[in-house]
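# Working through the structure, step by step
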Amino acid sequence: MMGPQERATRAAVLKALLDEVKKAYDAARTEADSGMVGLNHSFGVTTIEVRLPGYDGAVAQVTLSEPKTGFVVEEAGFLAYCKAEHPTEVQATLPEPAESVRPAFRKALLGRLRVERDGTVVDGETGRVLDFVEVAEPPPPSTTLTFKKGGREEVAAAYRDGRLSLPELLALPAAPQE
């Protein structure tokens, strides 16, 4: 049976290792993401399978998502536009009497925005220029790691039977020499 001192030591050791694993994961993820972006630019690849030594199937997949262009809305201009062009979509809210655009209409209008070649934002339904909306730069592409059914278990099994080496995966720095 483990006493309080042993449990505290175990927790401290696991926390220190967790911190090292997190650093190694973040570095590996950054490297993999940049490699995935490179594959996409060179060959149009959007998904790759993750395989382990000694296992026939894929344990996971990494998928690249291209972020979509977003919009920045100047709220006072948006409210003024809706009051003038779509007054039934403006509502008064309490406790303070304040006006706002109905959320469903906001979502519908923003969903139909179109960007012209010159960067002008227009209502895709009416063609009207919406000078209170600007195009926002999309964030950089990102990846999603998704484990296949049984993939996590296979990674654990590969570690247990020696196909994966934790020190190599973590690449912990050597202790300083005295």
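Everything here concerns the structure above.
Residues numbered from 1 in each chain as written. Predicted model: local features only at pLDDT ≥ 70, side-chain atom pairs only at ≥ 80, totals over all residues. Heavy atoms only, no water.

## Notes on the environment of Ala27
Operational definition: The numbering of helices and of strands both runs from the N terminus, where a helix is a DSSP run of H or I of at least 4 residues and a strand a run of E of at least 2. Exposure classes here rest on a 1.4 Å probe applied to the protein chains alone. A residue is buried below 20% of its type maximum, exposed above 50%, and partly exposed in between.
One can find Ala27 in helix α1 (residues 4-43). Looking at Ala27, the relative accessible area reads 45%, which means it is partly exposed.

## A short note on the environment of Ser100
Test applied: The contact definition used throughout considers only heavy atoms, calling two residues in contact when any of these lie within 4.5 Å.
Within the fold, Ser100 resides in strand β5 (residues 98-101). Relative accessible area serves as the criterion here: at 26%, Ser100 is assigned to the partly exposed category. Residues Ser100 and Glu75, 25 residues apart in the sequence, show an inter-C-alpha distance of 9.3 Å. Aside from chain neighbours lying at most four places away, what touches Ser100 is Leu79, Glu89, Val90, Gln91 and Thr93.

## Here's the deal with helix α4 (residues 151-160)
Residues that lie three or four places apart on an α-helix share one face, since the helix turns once every 3.6 residues. So the rule is basically this: As used here, the arc is the angular range of directions from the helix axis to the C-beta atoms.
Considered for burial, the residues of α4 that qualify are Gly151, Glu154 and Ala158. Seen along its axis, α4 keeps its buried residues to an arc of 55°; they face one direction. Every exposed residue of α4 that faces more than 90 degrees away from the buried side is listed here: Arg152, Glu153 and Arg160. Looking at the buried side of α4, the elements it contacts are β2 (58-65) and β9 (142-147). Gly162 sits one or two residues past α4 and shows a positive phi near 90°.

## Focus: the pattern of salt bridges
Close approach of charged atoms allows side chains of opposite charge to pair. The test is simple: A side-chain nitrogen of Lys or Arg and a carboxyl oxygen of Asp or Glu constitute a salt bridge if their distance falls within 4 Å.
By the definition in use, this model includes 14 salt bridges. For Arg29, the salt bridge goes to Asp33, with nearest N and O atoms at 3.3 Å. Here the residue Arg29 and the residue Asp33 both occupy positions in helix α1, the gap between them amounting to 4 residues, near one helical turn. The closest approach of N and O atoms between Arg128 and Glu85, which form a salt bridge, is 2.6 Å.

## What to know about a nonpolar patch on the surface
Note the following rule: For patch detection, residues must exceed 30% relative accessible area and be free of salt bridges, and they are connected within 9 Å for like charges or within 5 Å for nonpolar side chains (Val, Leu, Ile, Met, Phe, Trp, Tyr). Values of accessible area rely on a 1.4 Å probe in the Shrake-Rupley scheme; residue burial ignores everything except the protein chains shown.
Taken together, the side chains of Val13, Leu14 and Leu17 make up a nonpolar region of the molecular surface, amounting to roughly 250 Å² of accessible area. With respect to the helices, strands and loops of the structure, Leu17 is situated in helix α1. A relative accessible area of 38% places Leu17 in the partly exposed class.

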